[in-house]
Amino acid sequence: KAGVTQTPRYLIKTRGQQVTLSCSPISGHRSVSWYQQTPGQGLQFLFEYFSETQRNKGNFPGRFSGRQFSNSRSEMNVSTLELGDSALYLCASSPYRGARHVEQYFGPGTRLTVT
Amino acid sequence: DQQVKQNSPSLSVQEGRISILNCDYTNSMFDYFLWYKKYPAEGPTFLISISSIKDKNEDGRFTVFLNKSAKHLSLHIVPSQPGDSAVYFCAASAQETSGSRLTFGEGTQLTVNP
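Residues numbered from 1 in each chain as written. Chains lettered and ligands numbered in written order. Predicted model: local features only at pLDDT ≥ 70, side-chain atom pairs only at ≥ 80, totals over all residues. Heavy atoms only, no water.

Novice: Outline the overall build of chain B, listing residues and values.
Specialist: Along its length, chain B carries zero helices and 11 strands. Each helix and strand of chain B, ordered N terminal to C terminal, gives the series β-β-β-β-β-β-β-β-β-β-β. Its C-alpha atoms give chain B a radius of gyration of 14 Å, near enough to 13 Å, the size a compact globule of 114 residues would have. For chain B, the spread of C-alpha atoms along the principal axes amounts to about 45 × 30 × 20 Å. Every one of the 114 residues in chain B was classed for burial, and the buried ones make up 47%. A total accessible area of about 5200 Å² is found for chain B, and carbon and sulfur atoms account for 48% of it. (Helix = DSSP H or I, 4+ residues; strand = E, 2+ residues; numbered from the N terminus. Rg over C-alpha atoms; globule rule 2.2 N^0.38 Å. Buried < 20%, exposed > 50% of the residue type's maximum accessible area, 1.4 Å probe, protein only. Areas by Shrake-Rupley, 256 points an atom, 1.4 Å probe, with all protein chains shown as cover.)

Here's what the structure looks like:
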């Protein structure tokens, strides 16, 4: 089974621009979560989608948004980029909603650099 | 407010010896805990988990211990191998949270020397 894939792997954007990152979960997985990893804050939860609905949201400003499609693929968008948005963005999938007792499978991440 | 803390940013051990990675948490609502391993340029890989109804879970060379009264968990790797060198993250899930939201610690860089 193919793992979680994320595109692009690397991205350089300018402050004020917007960016869209894509995630394809493992086949059959319906829950997709997004995390931000930075050296100062570690891994922080952004949001989770299940059946095209956002089920959980972390403490991030409204500039961070996401969506999920009927095939479970997910995108996240960051508008009006700030230098502090430079980070590794990780996508993770799970087979079930409420899959707290099932491990999440992570993709390789998208490295976003904002200049 | 860092609800999950890994106080040791790095740990170095000799091949064949035991590696012990520690994690502390403050949120008493956490009832499920996981350990992930991360290599550079890769996403975290799930290692082992434990529910709060247990105090120990073992999988091969990996054992996780949970001390609920101390709000502390540890990961033991025996014997340690050079391929175990990676960043290890402790993560927790709260019972009041539906879905797959995990709260992570800052990570511990483990180096296993041949």
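Here the narrative resumes.
Novice: Any chance you could break down the state of the cysteines for me, citing the residues and the numbers?
Specialist: Residue and element names in this part refer to chain B. Inspection of the entire model under this criterion finds two disulfides over all chains. Disulfide partner of Cys23: Cys90, at an S-S distance of 2.1 Å. Classification of the bridge connecting Cys23 and Cys90 rests on its S-S torsion, roughly -70°, and on that basis the disulfide is left-handed. Here Cys23 is found in strand 3 (residues 19–25), whereas its partner Cys90 is found in strand 9 (residues 86–94), with 67 residues between them in sequence. Both residues of the pair, Cys23 and Cys90, belong to the buried class. (Disulfide = S-S within 2.5 Å.)

Novice: Requested: an account of the environment of Ile77(B), with residues and values cited.
Specialist: Relative to the helices and strands, Ile77(B) resides in strand 8 (residues 72–77). The sequence separation of Ile77(B) and Thr103(B) amounts to 26 residues, and the corresponding C-alpha distance is 22 Å.

Novice: Account for the pattern of salt bridges, with residues named and values stated.
Specialist: Residues and elements named next belong to chain A. Considering all chains together, one arrives at six salt bridges over all chains under this definition. Across the salt bridge formed by Arg63 and Glu82, the nearest N and O atoms sit 3.6 Å from each other. Residue Arg63 is located in the loop between strand 6 (53–57) and strand 7 (64–68), and its partner Glu82 is located in the loop between strand 8 (74–78) and strand 9 (87–94); the two are separated by 19 residues in the primary sequence. When its relative accessible area of 41% is taken as the criterion, Glu82 is described as partly exposed. (Salt bridge = Lys/Arg side-chain N within 4 Å of Asp/Glu carboxyl O.)

Novice: Break down the layout of surface pockets for me, with residues and values.
Specialist: Here the largest pocket is characterised by a volume of approximately 740 Å³. Along the wall of the largest pocket there are 34 residues; nearest its centre are Gln41(A), Leu43(A), Gln44(A), Phe45(A) and Phe104(B). Where the lining of the largest pocket is concerned, the elements lending two or more residues are strand 4 (31–38) and strand 5 (42–50) of chain A together with strand 4 (30–38), strand 9 and strand 10 (103–104) of chain B. Its residues placed into classes, the lining of the largest pocket shows 14 nonpolar, 14 polar and six charged. (1 Å grid on protein atoms, 1.4 Å probe; cavity = no way out; pocket = protein on both sides within 12 Å on 5 of 7 lines; lining within 4 Å. Points joined across faces, edges and corners; volume = space filled by probe spheres on them. Nonpolar A, V, L, I, M, F, W, Y, C, P; charged D, E, K, R; others polar.)

Novice: Give me the lowdown on the sheet that holds strand 8 of chain A, citing residues and values where you can.
Specialist: Strands belonging to one sheet form pairs held by backbone hydrogen bonds; the direction of such a pair is parallel or antiparallel. Residues and elements named next belong to chain A. One open sheet accounts for four strands, arranged 1-3-8-7; its pairing is antiparallel. Where the open sheet ends on each side, the last strands, each with one partner, are strand 1 (5–7) and strand 7. Across this sheet, the average inter-strand angle for adjacent strands is 20°, counted without regard to direction. As judged from the five bridges shared by strand 7 and strand 8, these two strands associate in the antiparallel manner. Bridging across to strand 8, Gln68 finds its partner in Ser74. (Pairing = 2+ DSSP bridges. Axes fitted to C-alpha atoms, helices over the stretch in contact; angles between N-to-C directions.)

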